[in-house]
Amino acid sequence: ATRFLDNVIDTTPYFFEENAQVQGDERRVGLGTMGIAELMIRLGIRYGSDESVQFIDKIYKFISTNAYLTSAELAKEKGAFPRFDAEKFLESGFMQQMTDEVRDAVRENGIRNVTLLTQAPTGTTGTMVNTSTGIEPFFSWVYYRKSRLGLHEEKIPLVQDWQDANPGEELPDYFAAAMDLKPKEHVRVQAAFQRWIDSAISKTCNVPNEYTVEQTRELYEYMYDLGCKGGTIYR
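Residues numbered from 1 in each chain as written. Predicted model: local features only at pLDDT ≥ 70, side-chain atom pairs only at ≥ 80, totals over all residues. Heavy atoms only, no water.

Further remarks concern the overall build of the protein chain. A tally of regular secondary structure across the protein chain gives 11 helices and 4 strands. Taking the principal axes of its C-alpha atoms as reference, the protein chain extends roughly 60 × 45 × 35 Å. Per-residue burial for the protein chain yields a buried fraction of 41% across its 235 residues. Restricting to contacts in the protein chain with at least 6 residues of sequence separation, those with at least 24 account for 70%. Carbon and sulfur atoms provide 53% of the accessible area of the protein chain, an area that totals close to 13,500 Å². (Helix = DSSP H or I, 4+ residues; strand = E, 2+ residues; numbered from the N terminus. Buried < 20%, exposed > 50% of the residue type's maximum accessible area, 1.4 Å probe, protein only. Contact = heavy atoms within 4.5 Å. Areas by Shrake-Rupley, 256 points an atom, 1.4 Å probe, with all protein chains shown as cover.)

Pasting the structure below:
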């Protein structure tokens with residue numbers, strides 16, 4: 001995926017010379033994922049729990065490490081991005097917490113792309129393939145879709161499958177939708193992703209409608225304290 005995204009830079013038509021110049025100098029890409037909330041449900045891990053934070057840390061460390069090692073290999077093959085400066089790059093907070101293997105590879109070979117990772121919303125593509133979007137939890141287990149045949153109710157296939165196999169039973173605790181989570185649980189999960197993502201993250205923190213200005217302030221400070229680059233609150 002890292003090699004593919006790097007190739008996209010060279011095959012993209014740029015309509016303004018300034019865009020071509022900036023992208024050519026930085027070779028910025030953003031590898032992301034979707035379906036992580038569904039994966040955790042299938043494994044019986046509740047989104048927002050301590051276990052989910054540890055699980056995210058393990059998976060995204062793996063993704064980040066391998067994306068960086070691949071970009072370092074590409075730098076050896078094709079050259080680092082033109083503005084690369086090894087010492088300045090390795091001084092960044094993100095690179096200081098990377099493994100020695102990655103830092104050594106970047107120091108020796110350079111790196112092909114100034115950033116490699118992001119988390120986009122993937123709303124359309126996630127819905128198209130019936131999985132959770134981006135790094136978000138499922139918003140609701142039931143939703144309504146309007147078509148030429150009118151308004152009809154649909155269930156998340158994952159939930160429908162569980163209910164078909166367990167008729168009449170309550171969904172287990174690890175089936176946690178967006179509004180089942182405490183606001184700070186949303187933030188803790190975002191921070192776990194941010195640790196291994198060098199660029200921005202699309203993540204909404206859903207809060208109840210009685211949430212106060214003071215509580216909102218505290219939540220943004222909590223994001224800052226945990227190392228999030230930014231955050232969105234939906235009240």
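Anyway, onward from the coordinates.
One pass over the full model with this rule turns up 9 aromatic pairs. Plain terms: the ring middles of Phe 138 and Trp 141 are 5.5 Å apart, the flat faces sit at 50° to each other, and that makes the pair tilted. Comparing Phe 138 with Trp 141, the two get one shared label, buried. The structure contains a cluster of three or more aromatic residues connected by ring pairs, namely Phe 138, Trp 141, Trp 162, Tyr 174 and Phe 175. (Phe/Tyr/Trp six-rings, centres within 6.5 Å; stacked < 30°, edge-to-face > 60°.)

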